[in-house]
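# Results of the structural survey
Listed here are the chains, written in short residue letters.
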Amino acid sequence: MLNKKLLFLFVVILSVYWILFTPGPKVANDLPITSGESIKAFFSLPKIWTSRDSVGLGEYTVFTLWSWPINAVVGLCALGGLSFSAIEKLLTLLALILSIFGIWKIGERYNLSFIARIVSAAFYVLNTYLLLVIDGGQISIALTYAWFPVAYFLLEKSIYSNLKAKLISGTAVFILGSLDIRFIFLMTLVLIIRFFYELLFLQNKKFLDWFKSWVTLAIIVVFIIVGLNFYWLLPLFLVPLQFDAYRGLIQTSFINSPTLGHAFLMITPHWYKNIFGLISPLKWEFILIPILVFLAPILRYKNYIVGFWVLIALLAIFLTKGSQEPFPQFYPWIFETIPGFSLFRDTTKFYFLIALAYSLLLGITVSEIEKKLKHKRLVNLFVFSIILYFIFLLRPVWLGEMTGTFSLPRYQKEYEELSEALKKDSQFSRVFWIPNRTPLSYTSAIHPAVEASRIYDQRPFASGIVGSYELFNFLREGPFIQEMFNVSGIGYLVYPYLDSLREPSSNNNNTEYYYDFLEQLSNLSWLEKLESVKIPTFKVKNPQSKFFLTSNTWYVIGSDEILNEATKSADLSLSNNALVFLDKHPGLISTLLESSSTLLTLYEKDLTDLTASFISKENLYFPSQALASEPNKNGWWKRESSDFLWWRNFLQQKYKIDNQDYYLGGGLSISEGENELLLTRDKLANGKLLLARVMLSPKSGEMIFYQEDKVIGKVNTYENLGKSYKKITGSKDIPDRVFEYEKANFKWFVIGEINDQPLKIKTSGDINVINALAAINTKDWERYINKAKELEDRNRIIEFKEANTQGAKGKVVYEQVDPTKYKIKVENLDSETMLVFSEKYDPHWKINGKSSVSVYGFLNGFMLTNGEYIVEFEPQKLVYYGFLVSVATLLVILLLLIKLK
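One structure accompanies this document, and this report is about it. Throughout, residues of each chain are indexed from 1 in the direction in which the sequence is written. Per-residue local features are limited, in this predicted model, to residues with pLDDT of at least 70; the limit for side-chain atom pairs, both in listing and counting, is 80 or more; totals at the level of whole chains, interfaces and linings are taken over all residues. As a rule here, side-chain values cover all heavy atoms of the structure and leave hydrogens and water aside.

## With respect to the packing of aromatic side chains
Aromatic contacts are taken between Phe, Tyr and Trp rings whose centres are within 6.5 Å, Trp giving its six-membered ring; a plane angle under 30 degrees counts as stacked, one over 60 as edge-to-face, and the others as tilted. For the structure on display, the rule yields 72 aromatic pairs. On the basis of an interplanar angle of 5 degrees and a centroid distance of 5.3 Å, the ring pair of W646 and F650 is categorised as stacked. On the criterion of helical spacing, the pair formed by W646 and F650 is a turn pair, its members being four residues apart in helix α27 (residues 644–655). Exposure categories follow from relative accessible area, calculated using a 1.4 Å probe and restricted to protein chains: below 20% of the type maximum is buried, above 50% is exposed, and the middle band is partly exposed. Residue F650 is classed as buried on the basis of its relative accessible area of 15%. Ring centres 5.3 Å apart and planes at 55 degrees place the aromatic pair W845 and F873 in the tilted group. Placement of the pair is W845 in strand β28 (residues 845–847) and F873 in strand β32 (residues 867–873), with a sequence separation of 28 residues. As far as burial versus exposure is concerned, W845 and F873 are alike and both buried. Only Lys NZ and Arg CZ are tested; either one counts as a charge over a ring when it is within 6 Å of the ring centre and within 35 degrees of the ring normal. When the ring centre of F644 is taken as origin, the NZ or CZ atom of R459, which lies over that ring, is 3.9 Å away. Taking the ring centre of W646 as reference, the NZ or CZ of R639 above it sits at 3.9 Å. The way it works is that DSSP assigns letters per residue, a run of H or I at least four long becomes a helix, a run of E at least two long becomes a strand, and they are numbered from the N terminus.

Below is the structure:
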């Protein structure tokens, strides 16, 4: 009889999930098809830099390296002969089995009846949250969801148990973190609540034993988590991510949060179309779920376990609603204030706790009702009705209305054609996808994917955008974009069919724009339509390899507007001319005096800017460090370097001015109108001579610098610098539009001598901006002046338009050892030259121990001569050191478990 009921449960689950186990790959936005070669590469030692998936220009991945154990297992499956489709089905099946197992074991621990455990397990796998997670292709989240109750069960059981149980539970938490590190925080939150909940009911005489049990468990779990994760924690702490690299991961969305009703009814906000940003209305047929759930505290009155899970359910509902009513400011406050909550920018992750609490409370309700019903047939009918109700609520699945893995992939044959065409090209080149790669898109180590949606706001691509309506018009309007594609090694551009992407609405405007933009791409001279495939695909002319040598190396003091010059002649081609923007590398100019093969150009800058470029970054102070993004009481506010696109649009739209300068690696301090800024002297270096880098524009006015109410210097920030014209290409029915802006320019000024007193800055005019301040010794400034004159006297300052490609030509051969290490051989050079490595710039890329410089504003470059070299990402060594600690921790755990057995 028991087996029949279990069989019934599996049949019910299969009736919903059956399509996932039919032949062929099941893909979604978060589960794009992956080549066997790429999956096999997962089985290796953890690598801290990757170019796979959608980050074809490379990325420092320490923040996600916690997933390496699971990825390694997936890679091992591929090495064992399993295809992408088989692995996908295996992981989905595993998620369903673990979900049932975890809930079953907790229900068993709480003495729920067999039939009640069936209802609990059924709800845990038959709810809108898990369905949408799997439909969206978030298999790792589905596995985390499945493992969460297993880990909680082992933890709860181990609190008052022996060392062996605690070691097993700690390992279970590590596995949870390997699936998704954020959910260790969520588990910690549940355990903290459990700790204080138990404390309320604790008898004084048992306090010490109780406290000792909890502390012992905490110490063991922390030891295991830290030890086993040390392979990525070590590089994370020693080489932390820059804020710009991870702030997108910790920014909350105040628009797409579920409402309180969605959380209470256990409806995910994007049910069932699964389009982020499209919130589904409340469906009141779900009301029976919370009714059955909250019958538990009524039917099992004053029960310790019921009280705990009701508390978890209510807290999870409140957190899930995010910034929605009631108390809309509470979640933004804890997001900013309490460590750990910033990991949950998407509050739907708290559905984990709602699903877990609801499942157990549902089981308790059913268990109590079962006791009250005298006939087994009535019990069976009641349970059958509940599960039938669950299936009814999920009717979009069996009606074929889902949009991800539960639906058949579109254009499968067309994407197979594209894949075959790319496979035939054995030369390295990246594939550029607009706006994103699609679930059926092909990617490999030879043809990594680059997504327009990931780079449009990064320089220099962002500099090519005109206006704020189109994000990707840099492809059409940026004169230098062909050059950027060439040096980036982008060999193909793909613009997928509109209906192969998930759009909030495929209305006529979207469709019309798609075909207009496609026609405009077809008219670009540097793109050639690939006629052999139906998916709109273009071949880019003259892409460079991953490593290439340039004829000239230029140090540029000025904005990246100079990139437009590269389109004016073949001699100016960026493939032949490496540009190093010194305003991204304060102090780097000192190396110019050591090399005879590098050139210097001043682009709309003067000798004062050249002299100030010798100031090291350690001597620079950015007043923006003490400001917020919103105006303070004195009217000052800031923007960071990474806000370039927003900042440029702000200047264009509000003040009709334009600027493309770099900001010395710091931020901008902004004053609109007459304001004052007070800085303490300790913020600046110990020098006595004050310099300031400020913005000049026809909308600015004056900056006056004071100490002790005495003027130490003034800067007239008002200046007419000429016009800048930007064009947006029209379509058949819309003519071209030309925008006229006044130019703005950041320049250095010597303010005057200062003492140890606070510094006050007063502004007048519509807008004034300070980039950086520097306080240096007078003798150092004189030394910098002499260096600048030396460069001028030696004719090292040349206009970029005078470039020629008569310099040395050489040959470079490279071998990729792994994603973090390359062997390079350079020959046939007759002078030092620049080797460009077309992965995203990171100063931790080194060649024989020497750091790279940023070339073209976003790639890596190394000055070298003939020879053999090793190019490697240096933090990878820290991974290996940490890995030894992780292995040692694992051995200690295994030895203890064997000994305790």
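There's more to say after this.
## With respect to the sheet that holds strand β21 (residues 737–743)
Read across the open sheet, the three strands follow the order β14-β21-β20; overall the sheet is mixed. A single partner strand is all that each edge strand has here, and the edge strands are β14 (657–658) and β20 (723–728). The pairing criterion is simple: DSSP has to find at least two bridges between the two strands.

## Let's talk about a nonpolar patch on the surface
Excluding any residue in a salt bridge, patches collect residues exceeding 30% relative accessible area, merging like charges within 9 Å and nonpolar Val, Leu, Ile, Met, Phe, Trp and Tyr side chains within 5 Å. For every accessible area listed, the method is Shrake-Rupley and the probe measures 1.4 Å; residues are considered covered only by the protein chains on display. The term salt bridge refers to a side-chain nitrogen of Lys or Arg lying within 4 Å of a carboxyl oxygen of Asp or Glu. Together, I192, F196, L199, F207, L208, F211, V215 and I219 make up an exposed nonpolar region whose accessible area comes to about 730 Å². Those elements giving two or more residues to the nonpolar patch turn out to be α9 (182–200) and α10 (207–228). At five residues, the largest contribution of residues to the nonpolar patch is made by α10. Relative to the helices and strands, L208 is located in helix α10. Using a relative accessible area of 66% as the deciding quantity, one classes L208 as exposed.

## A look at unusual backbone geometry
Trans peptide bonds make up most of the peptide bonds, and negative phi angles are found at most residues other than glycine. E325 connects to P326 through a cis peptide bond whose omega is 0 degrees. Note on placement: P326 falls in the loop between α16 (304–320) and α17 (330–337). Phi angles above zero are rare outside glycine, and F327 is one such case at about 50 degrees. Assignment of secondary structure puts F327 in the loop between α16 and α17. If you check the backbone angles, E604 has positive phi at about 60 degrees while not being a glycine.

## Concerning the pattern of salt bridges
Evaluation of the coordinates by the stated rule reveals 38 salt bridges. One salt bridge in this structure joins R454 and E59, with 3.0 Å as the shortest N-O distance. Of the two residues, R454 sits in helix α22 (residues 452–455) while E59 sits in strand β2 (residues 59–60), which places them 395 residues apart along the sequence. The exposure class assigned to R454 is partly exposed, which follows from its relative accessible area of 34%. Judged by its relative accessible area of 29%, E59 falls in the partly exposed class. Notably, a salt bridge pairs R459 with D560, separated by 3.2 Å at the nearest N-O pair. Within this pair, whereas R459 is found in the loop between α22 and α23 (474–477), its partner D560 is found in the loop between β9 (552–558) and β10 (577–581), the two being separated by 101 residues in sequence. Salt bridges sharing partners connect three or more residues here, namely R109, E156, R194 and E198.

## Details of the environment of Q138
Its location among the elements puts Q138 in the loop between α6 (128–135) and α7 (139–158). A relative accessible area of 27% places Q138 in the partly exposed class. Placed 259 residues apart in sequence, Q138 and V397 show a C-alpha to C-alpha distance of 17 Å. Any two residues having at least one pair of non-hydrogen atoms within 4.5 Å are treated as being in contact. If near-sequence neighbours (up to four positions away) are discounted, Q138 is found in contact with D30 and V133.

## Section: helix α11 (residues 230–238)
It helps to recall that an α-helix has 3.6 residues per turn; residues three or four apart then point in one direction. For α11, the full list of buried residues reads Y231, W232, L233, L234, P235 and L236. On the buried face of α11, the contacting elements are β2, α3 (68–79), α10 and α29 (876–900).

## Remarks on the pairing of β9
The side chains of a regular strand alternate between both faces of the sheet. Taking burial as the measure, the seven residues of β9 include seven buried ones, the bulk of the element. Burial along β9 is two-sided: the face carrying N552, W554, V556 and G558 and the face carrying T553, Y555 and I557 are both buried. Here β9 pairs with β10 via five bridges, running parallel. Note that in β10 the partner of V556 across the bridge is F581. Looking at chain direction, β9 and strand β11 (residues 598–603) are connected through six bridges and run parallel. The partner of W554 across the bridge, within β11, is L599.

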